[in-house]
Amino acid sequence: MSIVHLRAGGVSLVLDVTGDRLPVVVHWGADLGDEPDEVLQELRTATQPQPFGYPVDGPMPVSLLPEASAGWPGARGVTGHRAGAAPSTRFVVSRVDHAGRDAPWATGVVVHAGDDAAGLDLVLEVEQARSGLLRLRATVTARGDVAGTYDLGGVLPALPVPARATELLDFTGHQLRERAPQRLPFAHGTHERSGHRGRPGFDSGYLLCAGEPGFGARSGEVWAVHAGWSGNQRMHAERSYHGVCLLAAGELLEPGEVRLAPGESYVAPWTYATYGTGLDDASARVHDWLRARPGHPRTPRPVVVNTWEAVTFDHSLDRLTALADAAASVGAERFVLDDGWFGARRDDRAGLGDWTVARDVYPEGLWPLVDHVRGLGMDVGLWVEPEMVNPDSGVARAHPEWLLTAPGGRAPGQARHQQVLDLADPGAYAHVLGQLDALLDEYPIASLKWDHNREIGEAGLPPSGRGAVRGQTLAVYRLMDTLRSRHPGLEIETCASGGGRVDLGMLSRTDRIWASDSTDAHERAAIQRWTSLLVPYELLGAHVSAPVAPTSDRALPLDFRCAVALFGHFGIEWDVTEATEAERERLAAWVACYRERRGLLHSGRVVHAEVPDPAYDLHGVVAHDGSEALYAWVCTASSDTWPPPAVRLPGLDPDRTYRVALDGPARDLEGVAARWGVSLPWVDAGGAELPGRLLAEVGLAMPVLFADRAVLLRVSATS
Ligand code: DGJ
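Here the residue numbers are simple positions, counted from 1 along each chain's written sequence. Only residues with pLDDT of at least 70 are given local features in this predicted model, and only at 80 or more are side-chain atom pairs given and counted; all residues enter the totals for whole chains, interfaces and linings. Calculated side-chain values reflect all of the structure's heavy atoms, with hydrogen atoms and water omitted.

Student: Looking at this model, I keep getting lost on the site of the ligand. Mind explaining?
Tutor: One heavy atom suffices: a residue is near a molecule or strand as soon as one of its heavy atoms comes within 4 Å of it. For the ligand, the set of nearby residues contains 13 residues, the closest of which are D338, D339, K449, D451 and D517. D339 has a polar side-chain atom sitting 2.6 Å from an oxygen atom of the ligand. Think of a polar contact as two N or O atoms within 3.5 Å of one another; within protein, one of them needs to be a possible hydrogen donor and the other a possible acceptor, and neighboring residues in sequence only count if both atoms come from side chains. Separating an oxygen atom of the ligand from a backbone N or O atom of G498 is a distance of 3.0 Å. Note on areas: these come from Shrake-Rupley sampling with a 1.4 Å probe, and a residue is covered only by the protein chains present in the view. When the ligand sits alone it has 290 Å² of accessible area, and the protein chains cover 98% of it. Nonpolar residues are Ala, Val, Leu, Ile, Met, Phe, Trp, Tyr, Cys and Pro. Charged residues are Asp, Glu, Lys and Arg, and all others, Gly as well, are polar. For the shell around the ligand, a count of residues per class yields 4 nonpolar, 3 polar and 6 charged.

Student: How should the pattern of salt bridges be read in this particular structure?
Tutor: Between side chains of opposite charge, a pair can form as their charged atoms come close. For this document, the term salt bridge refers to a Lys or Arg side-chain nitrogen within 4 Å of an Asp or Glu carboxyl oxygen. Here the structure, examined in full by the defined rule, presents 50 salt bridges. Where D170 meets R193, a salt bridge forms, and the shortest distance between an N and an O atom there is 3.0 Å. A residue pair is termed long-range when its members are at least 10 positions apart, and D170 in strand β11 (residues 167-174) and R193 in strand β13 (residues 189-195) qualify at 23 residues. The same class applies to D170 and to R193, which are both buried. Only runs of H or I of at least four residues qualify as helices and only runs of E of at least two qualify as strands under DSSP, and these elements are numbered from the N terminus. Any residue under 20% of the maximum accessible area for its type is buried, any over 50% is exposed, and the rest in between are partly exposed; the area is computed with a 1.4 Å probe on protein chains only.

Student: How should I be thinking about the side chain of Q128 in this particular structure?
Tutor: Mapped onto the elements, Q128 comes out in strand β7 (residues 120-129). Note on Q128: relative accessible area 0%, which makes it buried. Among the polar contacts made by the side chain of Q128, one reaches the main-chain carbonyl oxygen of V11 at a distance of 3.1 Å.

Student: I keep staring at the sheet that holds strand β2 (residues 11-16) and nothing clicks. Help me out?
Tutor: Hydrogen bonding along the main chain pairs the strands of a sheet, whether they run parallel or antiparallel. Across the sheet, 3 strands lie side by side as β1-β2-β3; this open sheet has antiparallel pairing. One side of each edge strand has no neighbouring strand; the edge strands of this open sheet are β1 (3-8) and β3 (24-30). Strand-to-strand twist of the sheet, defined as the mean angle between neighbouring strand axes without regard to direction, takes the value 10 degrees. The pairing of β2 with β3 spans 6 bridges and is classified as antiparallel. Bridge pairing in β3 links V14 to H27. A pair of strands is considered paired only if DSSP assigns at least 2 bridges between the two. Note on method: axes are straight lines fitted to C-alpha atoms, helices fitted across the in-contact stretch only, with angles between N-to-C directions ranging 0 to 180 degrees.

Student: Honestly, the nonpolar core in this entry has me stumped. Any pointers?
Tutor: One recurring pattern in soluble globular proteins is that nonpolar side chains are buried together. By nonpolar core we mean a set of buried residues, namely Ala, Val, Leu, Ile, Met, Phe, Trp, Tyr and Cys, connected to one another through side-chain atoms within 4.5 Å. By size, the foremost hydrophobic cluster in this structure holds 128 residues, and its most contacted members are F335 and W341. What W341 contacts, discounting residues up to four positions off in sequence, is H315, R346, W355, T356, V357, A358, Y362, L366, L382, W383, V384 and L439. By size, the runner-up hydrophobic cluster in this structure holds 54 residues, among which are L13, L65, A86 and F91. Throughout, a residue-residue contact means that at least one pair of heavy atoms, one from each residue, lies within 4.5 Å.

Student: Sorry, what's going on with the state of the cysteines here?
Tutor: By definition, a disulfide links the sulfur atoms of two cysteine residues through a covalent bond. Working definition: a disulfide is two cysteine sulfur atoms within 2.5 Å of each other. Enumeration over the complete set of coordinates arrives at 0 disulfides. You can see C593 has no disulfide; the closest cysteine sulfur is in C562, sitting 9.1 Å from it. Free cysteine: C635, not disulfide-bonded; nearest cysteine sulfur from C562 at 18 Å.

Student: Explain unusual backbone geometry to me, please; I cannot follow it from the model alone.
Tutor: Negative phi is the rule for most residues except glycine; trans is the rule for most peptide bonds. Going from P462 to P463, the amide bond is cis rather than trans, its omega being -5 degrees. Among the structural elements, P463 can be located in the loop between β27 (460-461) and β28 (466-467). Residue P643 follows W642 across a cis peptide bond; omega there is 0 degrees. The phi dihedral of H417 falls on the positive side, at around 60 degrees, and the residue is not glycine.

Student: Even after reading the chapter, I still don't get the sheet that holds strand β16 (residues 233-239), so can you show me in this structure?
Tutor: With respect to topology, 4 strands assemble into an open sheet ordered β10-β17-β16-β13, the strand pairing being antiparallel. Lying at the two open borders of the sheet, with one neighbouring strand each, are β10 (158-160) and β13. Ignoring strand direction, the axes of neighbouring strands in this sheet form an average angle of 10 degrees. Pairing geometry for β10 and strand β17 (residues 245-251), over 3 bridges, is antiparallel.

Student: Is there a simple way to explain the packing of helix α4 (residues 317-330) against helix α12 (residues 581-601) in this structure?
Tutor: Helix-helix packing is characterised by the crossing angle of the two axes and by the distance between the axes. Two elements in contact, α4 and α12, have axes whose closest approach is 8 Å; the angle formed by their N-to-C orientations is 60 degrees. By the angle class used here, α4 and α12 are oblique. Contact with α4, carried on its side by A326, S329 and V330, involves R584, L587, A588 and V591 of α12 and no other residues of that element. Any angle that falls under 35 degrees is termed roughly parallel, while one over 145 is termed roughly antiparallel, one within 65 to 115 roughly perpendicular, and all others oblique.

Student: How do you make sense of the UniProt feature "domain: Glycosyl hydrolase family 36 N-terminal" (unreviewed entry) in the chain when you look at a structure like this?
Tutor: As annotated in UniProt, the feature "domain: Glycosyl hydrolase family 36 N-terminal" (unreviewed entry) corresponds to residues 22-261 in the numbering used here. Along residues 22-261, the helical share is 5% and the strand share 46%, with 24 Å between the first and last C-alpha atoms. UniProt positions are given in the numbering used here, feature names are shortened, and annotations may be inferred rather than shown by experiment.

Student: Where do I start with the environment of R291 in this structure?
Tutor: Mapped onto the secondary structure, R291 falls in helix α2 (residues 279-292). On the basis of relative accessibility, which here comes to 13%, the residue R291 falls in the buried class. Along the primary structure R291 and H602 are separated by 311 residues, whereas in three dimensions their C-alpha atoms are 9.5 Å apart. In terms of polar contacts, R291 uses its side chain to reach the backbone carbonyl oxygen of S603, at 2.8 Å.

Student: Would you explain the packing of α4 against helix α5 (residues 367-375) in this entry?
Tutor: Taken N-terminus to C-terminus, the directions of α4 and α5 make an angle of 15 degrees; their axes are 10 Å apart at the nearest point. In terms of axis orientation, α4 runs roughly parallel to α5. Relative to α5, the crossing made by α4 is right-handed. Of the residues in α5, those touching α4 at L317, L320, T321, A324 and D325 are P368, L369, H372 and V373. For the contact of α4 with α5, the residue count by class is 6 nonpolar, 2 polar and 1 charged. Handedness of a crossing is defined here by the sense of rotation of the near helix relative to the far one, left-handed for an anticlockwise turn of less than a right angle and right-handed for a clockwise turn.

Student: Whenever I open this one, the confidence of the model for the chain confuses me. Can you help?
Tutor: Low pLDDT marks regions whose predicted coordinates should not be analysed in detail. For every residue, the predictor reports its confidence as pLDDT, a number between 0 and 100. Overall, the prediction assigns the chain a mean pLDDT of 97, with 100% of residues at 70 or greater. When pLDDT is averaged over each helix and strand of the chain, the minimum, 70, is found for helix α13 (residues 672-675) and the maximum, 99, for strand β22 (residues 334-337).

Student: What is the right way to read the packing of aromatic side chains from this model?
Tutor: Aromatic rings in a pair are described by how distant their centres are and how their planes are angled relative to each other. The aromatic pairing rule takes the rings of Phe, Tyr and Trp, using the six-membered ring of Trp, and pairs them if the centres are within 6.5 Å, calling planes under 30 degrees apart stacked, those over 60 edge-to-face and the rest tilted. Evaluated as defined, the whole model comprises 17 aromatic pairs. Ring geometry for W308 against F313: centres 5.3 Å apart, planes inclined by 90 degrees, an arrangement best described as edge-to-face. You can call F313 buried: its relative accessible area is 17%. Both rings, one in F570 and one in Y594, keep their centres 5.2 Å apart while their planes meet at 25 degrees; by these two values the pair is stacked. Here F570, found in strand β32 (residues 569-573), pairs with Y594, found in helix α12; they are 24 residues apart in sequence, far enough to count as distant. As far as burial versus exposure is concerned, F570 and Y594 are alike and both buried. Throughout this description, the term charge over a ring refers to an Arg CZ or Lys NZ atom that lies within 6 Å of the ring centre and within 35 degrees of the ring normal. Residue placement shows R135 over the ring face of W270; its charged tip is 3.8 Å from the ring centre. Lying over the aromatic face of W514, R524 brings its terminal NZ or CZ to 4.5 Å of the ring centre.

Student: In this structure, what is going on with helix α10 (residues 521-531)? I would like to understand it.
Tutor: An α-helix turns once per 3.6 residues; consequently, residues spaced three or four apart project the same way. Taking burial as the measure, the 11 residues of α10 include 8 buried ones, the bulk of the element. Here α10 has its buried residues at A521, H522, R524, I527, Q528, R529, W530 and T531.

Student: Where do I start with the side chain of Q435 in this structure?
Tutor: Tracing the chain through its elements places Q435 in helix α7 (residues 426-442). Setting aside its immediate chain neighbours within four residues, Q435 contacts G353, D354, W355 and T356.

Structure, rendered in structure tokens:
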């Protein structure tokens, strides 16, 4: 075999597997069609660069795990050493297996290789989903017949992108402002994003994209990588003067964290890679793959009411039952009891880690509340933070040896008055599993909100402080998997002070993400837009906050708060007992709107128009059969232009005719323009009816909106 062509979902990956070198990418991008091997071999020769100016004579094959032995002077795919020896690799391929895969995967290749000098064996897997999404994983094994340990520095798969990808997009941010986009030129050198946070972090690079200049939601080729890993991460874009442009993503290891004894293996997390014409296309490949997984949530996503912003630590039964009554009256379907129900947790200074119901607050256990909530027709969710403890807790006092420590046995600095439990310790793991299991056995809990409120930083294994994040991350995965297998149907929402742990490793075992602790719809509009690059709306928790958002003190109209939460897994984060009758009626109308539209919102293609005016955004969901769509026209700043020009409606079937009308409880275009008696001709005419081709090419005039207002457009095919 000399060429492998993985081809699915409109994407081709052509690998050169000639000779004994690790695979080299000939093409990653648009589908090349069903070309015979001879043509692809010809393509390989035709695209091989002139071997000019390389560090070593001859060609420089930069493989999926780039190696110095091939002449590559940049970041290496596998780093490590044996007591200082063998600091770089020369893997020799012994076998390449290329075969189909079970859905949602389509095809894949497994490469077996070894390096005698380093005493390593390598298995490199490359898989392609039916959607076109790719993923790569390397397993490195220290040979059993070679004495001593191999100190692994890291494994970082890399994929090349064409030189015309001259612009980068990735993400940064902080708590309450996760996944803020940043664009920069893809210049010579390395743009590196890494973090020792014990989780991807609020500022995680998230999806590192390289694209043609000015690539947008619908235009420009774009290639992107993501580390499917919930611990320390590393990703980079590297462009060398040789014209090689690489995107890499994987796990970041601490020095000494992985030391492979003879026969031991390190299995790297999956690196995901997507491609598209425009970001919508690239993210659709991720969404389609997630949605095709057997375990993807397929039941209607229930309207959640979460207690955190409503009651914080005030868990009086009367208050909670009143909240449940009010929430049920507007149509809530799931009641999530947040922090404060357990141990001595009357504030955030004590009790964390003691997962038994606080008898001083709930003398009869959770049953009176659970019965009340279920009597109202809602199911029950429960907040937990299994990886953490307050030093002032029963578990930390009884087992101080279970806490991660800084080097030399020092206590790491506290964050939110908490420390990290070493879940890789069998005793600690059994303790947490036992307590959570007992709760899930006793109560009919439909979902856990699984929080993670501090970074791990320098904390490591006691007493040396040796890097512990990898073991901790694997233990958390195991804990989630075990609880889910023991309690079929249990859903898990991942939260890390909001959206500090959003990655495809976590999403493989959770059903919802809490995208941000910001419930301010103005902030949320941006946070959700960029989070949805990877996360489809059914997995993206989005709640309607109080009229003045507690996280920002910003007052926002109810219709806007609801319209933003609609494009997600809708919920309420507001003490609705304090809402006026009119507010409750309006909220109930929005809940009904969500319940009616969630089938479309949670299955359709997520699309964004390329709107040049930064004040406005138009996003939506289009049914896969092209029969209907729902768009939101959203304003978050004051525009310097009015009225807005026609905006193209993306994603419609060009060959069908559609009727467009304003939709949702706020369909009467209330606002300043309406008060001035200025309306929109097509709205006055009772809607517009046009071919999809014209709506997509020419567009539709949009209403003037002022900041923090939104309208919905319902689009239905009439032919
Ligand atoms: C941080 C979360 O993001 C909040 O929603 C809430 O659950 C608190 N933790 C509880 O301590």
